[in-house]
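Here is what each chain is made of, one letter per residue.
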Amino acid sequence: MQRCAHIRTSLHQSVMIQALTLQHLNRIVELHHQLHLTSFVNTEGCETFVYLIEDNVVGFISGLVIDDSAELLNIGIDVNHQGQGYGFQCLTQWMSLLKGRNIKTIFCEVRASNTSAIHLYTQCGFKQTRLRQNYYENPNEDGLEMRYDEP
């Protein structure tokens, strides 16, 4: 069964997230390279959804679901589509899918310097729970643990 969330934008474009299929895999690999992200697609239990605008993959979101919680592993939007609210739409649509599965808590970790991601997560109701000093390498950097709890 294919799970998707579908909305219409103010520009009358059809946008949605949908479960990753083999036809999307090459584009997801391209996005991981473009955005310098580690791929979790082959990680056991990882669920990846593509973010589509008019059937074109412009982003993705990956996470692990364990019992009644989830961990956001990656979210990425093509650089040509950043700054237009697509990351917010992708994340909130994914969160809606999780809510439909009775997921109450979502965790994530983010580089302390990634202010745009921190802003996105905060907009979506995440709160910082912990600072992890020197958590990331290349370059060495602190990490922030963040958490969302369904109200």
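Note: the structure precedes this text.
Residues numbered from 1 in each chain as written. Predicted model: local features only at pLDDT ≥ 70, side-chain atom pairs only at ≥ 80, totals over all residues. Heavy atoms only, no water.

Asker: Would you take a moment to explain the nonpolar core for this structure?
Answerer: Soluble globular proteins tend to bury their nonpolar side chains together. In this structure, Tyr51, Leu91, Trp94, Ile106, Tyr121 and Phe126 are the most contacted members of the largest nonpolar core, which totals 32 residues. Contributions of two or more residues to this core are made by strand E2 (14–19), strand E3 (46–53), strand E4 (56–66), strand E5 (69–77), helix H2 (86–100), strand E6 (105–111), helix H3 (115–123) and strand E8 (141–149). Ranked by residue count, the leading element in this core is H2, at seven residues. Core analysis: the second largest hydrophobic core is formed by nine residues, Ile28, Val50, Leu52 and Phe60 among them. (Core = buried A, V, L, I, M, F, W, Y, C linked by side-chain atoms within 4.5 Å. Buried < 20%, exposed > 50% of the residue type's maximum accessible area, 1.4 Å probe, protein only. Helix = DSSP H or I, 4+ residues; strand = E, 2+ residues; numbered from the N terminus.)

Asker: Explain helix H1 (residues 25–35) to me, please; I cannot follow it from the model alone.
Answerer: Three or four residues apart is the spacing at which side chains of an α-helix point the same way, because the helix has 3.6 residues per turn. Those residues of H1 lying buried are Ile28, Leu31, His32 and Leu35. Angular distribution of buried residues about the axis of H1 spans 100°; they occupy a single face of the element. Facing away from the buried side of H1 by more than 90 degrees, the exposed set consists of Asn26 and His33. Downstream of H1 by a residue or two, His36 has a phi angle that is positive, lying close to 60°. (Arc of directions from axis to C-beta.)

Asker: I would appreciate a short explanation of the state of the cysteines in the present structure.
Answerer: Chemically, a disulfide is nothing more than a covalent bond linking the sulfur atoms of two cysteines. This model, assessed by the stated rule, comprises zero disulfides. Not engaged in a disulfide, the cysteine Cys46 finds its nearest cysteine sulfur in Cys90; these two sulfurs lie 13 Å apart. You can see Cys124 has no disulfide; the closest cysteine sulfur is in Cys108, sitting 10.0 Å from it. (Disulfide = S-S within 2.5 Å.)

Asker: What should I look at first to understand the pattern of salt bridges in this one?
Answerer: Any two side chains of opposite charge can pair if their charged atoms end up close together. Counting across every chain of the model gives nine salt bridges. Residue Arg27 pairs with Asp78 through a salt bridge whose shortest N-O separation is 2.6 Å. Placement of Arg27 in helix H1 and of Asp78 in the loop between E5 and H2 is noted, with a sequence separation of 51 residues between them. Among the ionic pairs, Arg111 bridges to Glu141, the shortest N-O distance being 3.0 Å. Here Arg111 is found in strand E6, whereas its partner Glu141 is found in strand E8, with 30 residues between them in sequence. What makes Glu141 buried here is its relative accessible area of 13%. Within this structure, Glu109, Arg130, Arg132 and Glu145 form a network of salt bridges that share partners. (Salt bridge = Lys/Arg side-chain N within 4 Å of Asp/Glu carboxyl O.)

Asker: I tried to follow the packing of aromatic side chains on my own but got confused; where do I start?
Answerer: To describe a pair of aromatic rings, you give the distance between the ring centres and the angle between the ring planes. Scanning all chains against the criterion turns up four aromatic pairs. Residues Phe126 and Tyr148 carry aromatic rings whose centres are separated by 5.8 Å and whose planes lie at 45° to one another, so their mutual orientation is tilted. Of this pair, Phe126 sits in the loop between H3 and strand E7 (127–136) while Tyr148 sits in strand E8, placing them 22 residues apart in sequence. Aromatic pair Tyr135 and Tyr136: ring centres 5.0 Å apart, planes at 90°, arrangement edge-to-face. (Phe/Tyr/Trp six-rings, centres within 6.5 Å; stacked < 30°, edge-to-face > 60°.)

Asker: I keep staring at the packing of H2 against H3 and nothing clicks. Help me out?
Answerer: Between two packed helices, the angle of one axis relative to the other and the distance separating the axes together describe the packing. Interaxial distance between H2 and H3 falls to 10 Å at its minimum, and their mutual angle equals 45°. The angle between the axes of H2 and H3 places the two elements in the oblique class. The handedness of the crossing between H2 and H3 comes out as right-handed. Mapping the contact onto sequence places Gly87, Phe88 and Leu91 in H2 and Leu120, Tyr121 and Gln123 in H3. Here the residues of the contact of H2 with H3 are counted per class, giving four nonpolar, two polar and no charged. (Axes fitted to C-alpha atoms, helices over the stretch in contact; angles between N-to-C directions. Parallel < 35°, antiparallel > 145°, perpendicular 65-115°, else oblique. Left-handed = near helix turned anticlockwise from the far one by under 90°. Contact = heavy atoms within 4.5 Å. Nonpolar A, V, L, I, M, F, W, Y, C, P; charged D, E, K, R; others polar.)

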